[in-house]
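Here's the letter readout for the chains.
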Amino acid sequence: MARRTKEPIARINDFVVKFANVNGSGSASANALFARAILRMGVPVSARNIFPSNIQGLPTWYEVRVTAAGWRGRRGGVDLMVAMNPQTWDKDVGELEGGGYLFYDSTRELPATSFRSDVTVLGMPLTAICNAAYTDARQRQLFKNIIYLGALSALLAIDPAEIERLFAEQYRGKEALSDSNRKALALGRDYALANFACPLPMRVERADAVGNRIFIDGNNAAALGCVFGGATVCAWYPITPSSSLAEAFAKHCRKLRVDAATGRHKYAIVQAEDELASIGMVIGAAWNGARAFTATSGPGISLMQEFIGLAYFAEIPAVLFDIQRGSPSTGMPTRTQQADVLLCAYASHGDTKHPLLFPEDPTECFTMAALALDLADRLQTPIFVLSDLDIGMQDWLTAPLAWDDRRVLDRGKVMKAEELSAGKTFGRYLDADGDGIPYRTYPGTHATRGSYFTRGTTKDRYARYTEEGPAYVDNMQRLLHKFETAKSLVPAPVIEKADKPARAGVIWYGSTGAAMSESLAALAATGIHLDRMRIRSFPFADSVEAFIAAHEHVFVVEQNRDAQLRMLLVNECGIDPAKLISVLHYDGTPVTARFITQEIGEKAAHFNVTPLRKVAPLGAAD
Amino acid sequence: MTFLAKPKLHHPGLPKNALGYTRRDYEGAVSTLCAGCGHDSISAAVIQAFFNLDIEPHRVAKLSGIGCSSKTPTYFLGNSHGFNSVHGRMPSVLTGANLANRDLIYLGVSGDGDSASIGIGQFMHVLRRAVNMVYIVENNGVYGLTKGQFSATADKGSKAKRGAINTDEPIDLVMLALELGATFVARSFSGDKAQLVPLIEAAVLHKGAAFIDVVSPCVAFNNHPGSTKSYDYVREHNASVNALDVMVPRDPITAEYGSGSLEEVVLHDGGTMRLRKVHADFDPTNRLAAMNFLHDRAAAGEIVTGLLYTRPDAHDLHDAQETVDVPLNALTDADLVPGSVALAALNASLR
């Protein structure tokens, strides 16, 4: 069609495809099939939905990065745009890299000014093909997605047999559906083979780079972690991007937690009236000996503040998943951020501190969910799992979930009726073992011993109400001691040396890791070598301080405006702020390797970390 | 000074219940409320009811919010676990506790500020969720701990101690409870122990959400002329619709009733409640009729007390959740953890 002024991109297993769709058009399942088919060919992908806070009608995108190297972050830029949404046409076309490809529905002719001269245009009359093949309006809509999937399979050399196998698995027992999908796929494929030069020079080739990894979103994995970690009570209130965690817990429990003989449930899930009630239910259940959790996002944590302080002070286990989103206030509900670090670390009024866990991917969402339930019981305090939208709601190619059958759930220090009968001393807030962690009893344990009154007011070591200063200070100091004990129980940071001796280091946490390894490789290629530390929890282990002390400068990469982890490091470890150099990305999109490389490159030059040398952004030479 | 222990000695001839406990075994710490507080009478009624029902004190969990009323669980059932939670949020904590262990008896104690103002949302939702519990509101129409502000149940036109007139419409928790599907709804008066004790007993035996609104005058801030929650006012305007006698299955039926219509209500565990009707046209098993009756009598200036509504065959939250009989907090690792084989299958489905 259009005249090309730049050579078409020619790359194998290393490109970005972006689908521009309309929300509610049924495109999501076709797009997921596209990603999974490439995975089945042994080629890693990293895929992300970019969606609005809307059910139907607004623009939505799906971005698939095909990456032989297995990078997990967004690359930035687009090589093939599947432009199915006229609303966003100009923006979508503008995003294409020079030499890229533009696939669109050519049923209605567009003026030449709508196109760029430096990209290859692939027009296919999708609507016309659909209207000829189907009479039902809904079918026309749904199969249109499958038809373009068929065309893309021909253009990018995706094995159609893999897509057909996915149909068969998805529609097992519904052969008619599988069949009609296969026909639609062939319709698109045949058209592309007949009308375009298939495959393109930019395409997929079968490889063996996926291994045994699985494709799963963090909320689903966290929900499984809750099942395996023995959670029996889930109380929640719907809020993006956390709702799918509670819903996945329900789905998995229906399969894994039903008594075979009676069909009855070994779990309870309550959709509460608000976040105040959901955390109240979690605290009530955990007080009574059940393992309980809630899933929410920043606004929910704001609402839960008072109860969190009660759980801290009365020492009641609770697990809170905060799937962070763009904030403050309602913020950007469908965008990602890491901006609740301080909110959670010091949640509630008065002197409080809470353990935080920072999963870096869905696999860690699983392990940290189960761990959080253990830690809550062990430490008798709220534990926060700080995931975010990017981990929680996106499918990641990630290590398979693993469970050691020898593992015993740690229910913490619970005094039993026999011990009470035998005359063992019970003081609810008595530091019997010297680790700051007292013993508790479940209600109903013993007729005459071990009962106590739980309250948010000050009490002595035997849970008796008091307003005496020394008793108050004694209790507050013990809580601090308990927090110190937590240091040895939470996951240690992952520390790695650079390939060459380095004067500077870099710290990150959570979903930022997706872009970090790629960025570190790019920086190393330009001569910037950094020792690295991925922080996995708060309170900070001593090794966190030691790492910072061992370097002249340390970059701290975060996805928030105010450098919240840096503040926490400065505050808790007494670090000279000048030593910690922030790299901040907070526009709501997941941080890219390109961004980090650029930022660190520039700042490294400024701080004289390495000999001066301008860093070119990754991929800019394309 | 609520931690002051009471003297442990008691008269050897104190009557014992079927478990061998005396009434003293159901007491708690010494009350720190004002002398003459209606709430202390309610605590005494709670003690009497659990003694009468032969329930082991430690099988009861007592939960409350914040306020004078919420302090009272310290003053009864000293061998029960208690939970003084946060203001207006007792219902959610109780709901969670109930989910964790269906075998205990849950007693929620709250006040009119705790339940009708800050906590009205949780009050409403715990009732519509059918949590198996007894929920008592010790209703004095006033904020006692903060010294005499109106609460949301204060009647329009009623006068505060310092002279202010309440201009807001009152919230009637009984009408709300009926509207929201509570399956046992009663109102009583802290000064009428003969009526209150059997109501608490029946509420404990009821399966489902049982709510009792107990008008409980505040001697410090709401017991003056012009108050509609004073002892004098309530005594003058109290209109009892029925008198109740509760029989658990093991009891011989000994209750004697004089003339007047009698109504028996069979409890879910086979026990019965016998109601001696005072108002012939009042049917406590007809929710709509009860609501109409209450509206009519309220318009006539009466405070209707007694058992106002019950549905003996009610279901509770555990029925809706279809939970197993074993309390969730007693399930073992083997019950809960699916194991590595199940996880391998899940992994396989995600490739």
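Residues numbered from 1 in each chain as written. Chains lettered and ligands numbered in written order. Predicted model: local features only at pLDDT ≥ 70, side-chain atom pairs only at ≥ 80, totals over all residues.

Colleague: Looking at this model, I keep getting lost on the overall build of chain B. Mind explaining?
Modeller: When helices and strands are counted, chain B shows twelve helices and 13 strands. Over its C-alpha atoms chain B spans a radius of gyration of 21 Å, differing by no more than 12% from the 20 Å that the globule rule assigns to 351 residues. Counting only residues that meet the buried cut, chain B has 53% of its 351 residues in that class. Considering only intrachain contacts with a sequence separation of at least 6, the fraction spanning at least 24 residues in chain B is 71%. (Helix = DSSP H or I, 4+ residues; strand = E, 2+ residues; numbered from the N terminus. Rg over C-alpha atoms; globule rule 2.2 N^0.38 Å. Buried ≥ 20, exposed ≤ 12 C-beta atoms within 10 Å, placed from the backbone. Contact = placed C-beta atoms within 7 Å.)

Colleague: Teacher, can you tell me more about the domain arrangement of chain A here?
Modeller: Reports often express the size of an interface as the amount of accessible area lost when the parts come together. Residues and elements named next belong to chain A. On domain assignment, one finds that chain A holds domain 1 (14-195), domain 2 (216-398), domain 3 (414-489) and domain 4 (494-606). Between the C-alpha centres of domain 1 and domain 2 there is a distance of 35 Å. Domain 1 puts eleven residues into the contact, and the matching count from domain 2 is eight residues. Of the residues assigned to the side of domain 1 that touches domain 2, the class counts are six nonpolar, three polar and two charged. (Domains from an automatic or database assignment. Nonpolar A, V, L, I, M, F, W, Y, C, P; charged D, E, K, R; others polar.)

Colleague: Quick question: what am I supposed to make of the pairing of strand β18 (residues 531-534) of chain A here?
Modeller: All names here are of chain A. In this structure, strand β16 (residues 494-496) lies alongside β18, joined through three bridges in antiparallel fashion. When the sheet's bridge partners are listed, Val494 is paired in β18 with Arg534. With four bridges joining them, strand β17 (residues 504-508) and β18 adopt parallel strand pairing. Across the sheet, the residue bridging to Gly505 is Asp531, located in β18. With helix α17 (residues 513-525) bridging β17 and the parallel β18, this β-α-β connection has right-handed handedness. (Pairing = 2+ DSSP bridges. Right-handed = clockwise from strand over helix to strand, strands pointing away.)

Colleague: Looking at this structure, I do not really get helix α13 (residues 362-379) of chain A. What am I missing?
Modeller: Helical geometry: 3.6 residues make up each α-helical turn, so side chains three or four residues apart lie on a common side. All names here are of chain A. An ideal rise of 1.5 Å per residue puts 26 Å on 18 residues; α13 measures up with 25 Å between its terminal C-alpha atoms. Here α13 lies mainly inside the structure; 18 of its 18 residues are buried. Of the residues one or two after α13, Gln380 is the one with positive phi, at around 50°. (Expected span 1.5 Å × (residues − 1).)

Colleague: Looking at this structure, I do not really get the sheet that holds strand β12 (residues 356-357) of chain A. What am I missing?
Modeller: Sheet strands line up and pair through hydrogen bonds in the backbone, either parallel or antiparallel. What the seven strands build is an open sheet, ordered β9-β8-β10-β11-β13-β12-β19 (chain A); its pairing is mixed. Among the strands making up the open sheet, the edge pair consists of β9 (268-271) and β19 (537-538) of chain A. Helix α3 (residues 90-100) of chain B contacts β8 (233-236), β9 and β10 (292-296) of chain A of the sheet and is inclined by roughly 155° relative to β8 of chain A. (Axes fitted to C-alpha atoms, helices over the stretch in contact; angles between N-to-C directions.)

Colleague: What's the story with the interface of chain B and chain A in this structure? I'm lost.
Modeller: Of the residues lining the interface, 49 residues belong to chain B; the matching set on chain A comes to 57 residues. Secondary structure elements with two or more residues in the side of chain B that touches chain A: β2 (81-84), α3, α5 (120-128), α11 (333-336) and α12 (340-348) of chain B. The element that contributes the greatest number of residues to the side of chain B that touches chain A is α3 of chain B, accounting for eight residues. Among the residues making up the side of chain B that touches chain A, the classes are represented as 20 nonpolar, 22 polar and seven charged.

Colleague: Hey, could you run me through the packing of helix α1 (residues 27-40) of chain A against helix α5 (residues 160-170) of chain A in this one?
Modeller: Any two packed helices are characterised by how steeply their axes cross, that is the angle between the axes, and by the distance between the axes. All names here are of chain A. One way to put it is that α1 packs onto α5 with a least axis distance of 9 Å and a crossing angle of 115°. Judged by the sense of rotation from one axis to the other, the crossing of α1 with α5 is right-handed. Contacts between α1 and α5 involve Leu33, Arg36, Ala37 and Arg40 on the former and, on the latter, Glu162, Ile163 and Leu166. Split into classes, the residues belonging to the contact of α1 with α5 amount to four nonpolar, no polar and three charged. (Left-handed = near helix turned anticlockwise from the far one by under 90°.)

Colleague: Just checking my understanding: could you explain the sheet that holds β2 of chain B for this structure?
Modeller: Taking strand neighbours across the sheet as the criterion, the nine strands line up as β15(A)-β2(B)-β1(B)-β3(B)-β4(B)-β8(B)-β7(B)-β13(B)-β9(B) in an open arrangement whose pairing is mixed. The sheet terminates laterally at β15 (453-455) of chain A together with β9 (238-240) of chain B, the two strands that pair on one side only. Ignoring which end each strand starts from, the neighbouring axes of this sheet average 20° apart. In this structure, strand β3 (residues 105-111) of chain B lies alongside strand β4 (residues 133-139) of chain B, joined through five bridges in parallel fashion. Residue Gly108 of chain B lies in a different strand from β4 of chain B, and its bridge partner there is Tyr135 of chain B.

Colleague: Would you mind showing me how to read the packing of helix α3 (residues 126-133) of chain A against helix α4 (residues 137-156) of chain A here?
Modeller: All names here are of chain A. For the pair α3 and α4, interaxial distance at closest approach is 10 Å and the crossing angle is 125°. On the basis of the axis angle, α3 is oblique to α4. Of the two elements, α3 crosses α4, and the hand of that crossing is right-handed. Along the contact surface, α3 presents Leu126, Ile129, Cys130 and Asn131, while α4 presents Arg140, Phe143, Lys144, Ile147 and Tyr148. Classifying every residue of the contact of α3 with α4 by side-chain character gives six nonpolar, one polar and two charged. (Parallel < 35°, antiparallel > 145°, perpendicular 65-115°, else oblique.)

Colleague: Sorry, what's going on with unusual backbone geometry here?
Modeller: The phi angle of most residues is negative, glycine excepted, and most peptide bonds adopt the trans form. Residue and element names in this part refer to chain A. The omega angle of the peptide bond from Ser327 to Pro328 is 5°, so this bond is cis rather than trans. Structurally, Pro328 is set in the loop between β11 (318-324) and α12 (341-345). With an omega of 10°, the peptide bond running from Phe538 to Pro539 counts as cis. If you trace the backbone, Pro539 turns up in the loop between β19 and α18 (542-549). Positioned with a positive phi, Ala157 is a non-glycine residue whose angle comes to about 60°. In this fold, Ala157 is placed in the loop between α4 and α5. Judged by C-beta crowding, with 17 C-beta atoms within 10 Å, Ala157 ranks as partly exposed.

Colleague: Where do I start with the environment of Ala504 of chain A in this structure?
Modeller: All names here are of chain A. Take Ala504: it is sitting in strand β17. Assessed through the 23 C-beta atoms surrounding it within 10 Å, Ala504 is described here as buried. Note: C-alpha distance between Ala504 and Pro52 (452 residues apart in sequence) is 39 Å.

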